[in-house]
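Secondary and tertiary structure notes
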Amino acid sequence: NAGVTQTPKFQVLKTGQSMTLQCAQDMNHNSMYWYRQDPGMGLRLIYYSASEGTTDKGEVPNGYNVSRLNKREFSLRLESAAPSQTSVYFCASTGTGSINEKLFFGSGTQLSVL
Amino acid sequence: GIQVEQSPPDLILQEGANSTLRCNFSDSVNNLQWFHQNPWGQLINLFYIPSGTKQNGRLSATTVATERYSLLYISSSQTTDSGVYFCAGREGAQKLVFGQGTRLTINP
């Protein structure tokens, strides 16, 4: 059981370039999330998808777009990367219902924008 | 939105010591969870504990929802316990709000 899988693990971009971070989960979870983690800032929610076909903004959505491609996959796109988007990005997922509310994280993507 | 405050921000202990990490919330939260981020950056869910007490080996957690706090206990610390511990609570339908974390260093 792979859990939550993110690709790539590392990426270096130049300012203005675009890229898509991929995320897939095999736990049949309804809800998926994208977080960024910056030193001293903890984990901040970028976007989330409560179920297939829906997406909502989190705390820091500016400069990002998301696509919930199907129940398994949730991608994060940077259309025109900026140095302020240098961060570690985590994808996560949860089921629904109180027993299934545990949040599971992927291994993260370390992104540097030069 | 809710504020999540963790204490202490940093904790340095010798192997074998016990520790208590605290998480305070500014308002009522649901779905209180504790996570461990190891030195390699991996985030592991330790406990889902909206109320009451749970134990898993040397780790246990207690949430007193009516008083808006949760505690994580680590007994007989090992060097592999080092890392950052985060708590998070749910605000509204789907948003988990994270604390700033407690950095735990266990020296051999």
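Throughout what follows, the structure given in this document is the object of discussion. (Residues numbered from 1 in each chain as written. Chains lettered and ligands numbered in written order. Predicted model: local features only at pLDDT ≥ 70, side-chain atom pairs only at ≥ 80, totals over all residues. Heavy atoms only, no water.)

**Description of the state of the cysteines**
For the structure shown, the criterion picks out two disulfides over all chains. A disulfide bridge connects Cys23 of chain A with Cys91 of chain A, and the sulfur atoms are separated by 1.9 Å. When the S-S torsion is -75°, as for the bridge of Cys23 of chain A with Cys91 of chain A, the disulfide is left-handed. Separated by 68 residues along the polypeptide, Cys23 of chain A in strand β3 (residues 19–25) and Cys91 of chain A in strand β9 (residues 87–94) bring together distant segments of the chain. Of the two residues, Cys23 of chain A and Cys91 of chain A, both sit in the buried class. A disulfide bridge connects Cys23 of chain B with Cys87 of chain B, and the sulfur atoms are separated by 1.9 Å. (Disulfide = S-S within 2.5 Å. Helix = DSSP H or I, 4+ residues; strand = E, 2+ residues; numbered from the N terminus. Buried < 20%, exposed > 50% of the residue type's maximum accessible area, 1.4 Å probe, protein only.)

**Here we look at the sheet that holds strand β1 (residues 4–7) of chain B**
Residue and element names in this part refer to chain B. Strand order across the open sheet formed by five strands is β1-β3-β8-β7-β6, with antiparallel pairing between neighbours. The outermost strands of the open sheet, each flanked by one partner alone, are β1 and β6 (52–56). Across the sheet, the mean angle from the axis of one strand to that of its neighbour is 15°, orientation sign disregarded. Direction of pairing for strand β3 (residues 19–25) relative to strand β8 (residues 69–74): antiparallel, over a ladder of six bridges. Considered in β8, the bridge of Asn24 is made with Tyr69. (Pairing = 2+ DSSP bridges. Axes fitted to C-alpha atoms, helices over the stretch in contact; angles between N-to-C directions.)

**Structural notes on the pattern of salt bridges**
Residue and element names in this part refer to chain A. Counting across every chain of the model gives five salt bridges over all chains. We note a salt bridge from Glu79 to Arg77, for which the minimum N-O separation is 3.1 Å. Taking the relative accessible area as the measure of exposure, Glu79 reaches 42% and is therefore partly exposed. Judged by its relative accessible area of 29%, Arg77 falls in the partly exposed class. Several salt bridges converge on common partners, so that one network encompasses Arg36, Asp38 and Arg44. (Salt bridge = Lys/Arg side-chain N within 4 Å of Asp/Glu carboxyl O.)

**Digging into the side chain of Gln33 of chain B**
Inspection of the secondary structure assignment puts Gln33 of chain B in strand β4 (residues 30–37). A distance of 3.0 Å separates a polar side-chain atom of Gln33 of chain B from the backbone oxygen of Glu101 of chain A. Contact partners of Gln33 of chain B, with chain neighbours within four places excluded, come to Glu101, Lys102 and Leu103 of chain A together with Asn45, Phe47, Tyr48, Phe86, Cys87, Ala88 and Leu96 of chain B. (Polar contact = N/O pair within 3.5 Å; in protein donor to acceptor, adjacent residues only side chain to side chain. Contact = heavy atoms within 4.5 Å.)

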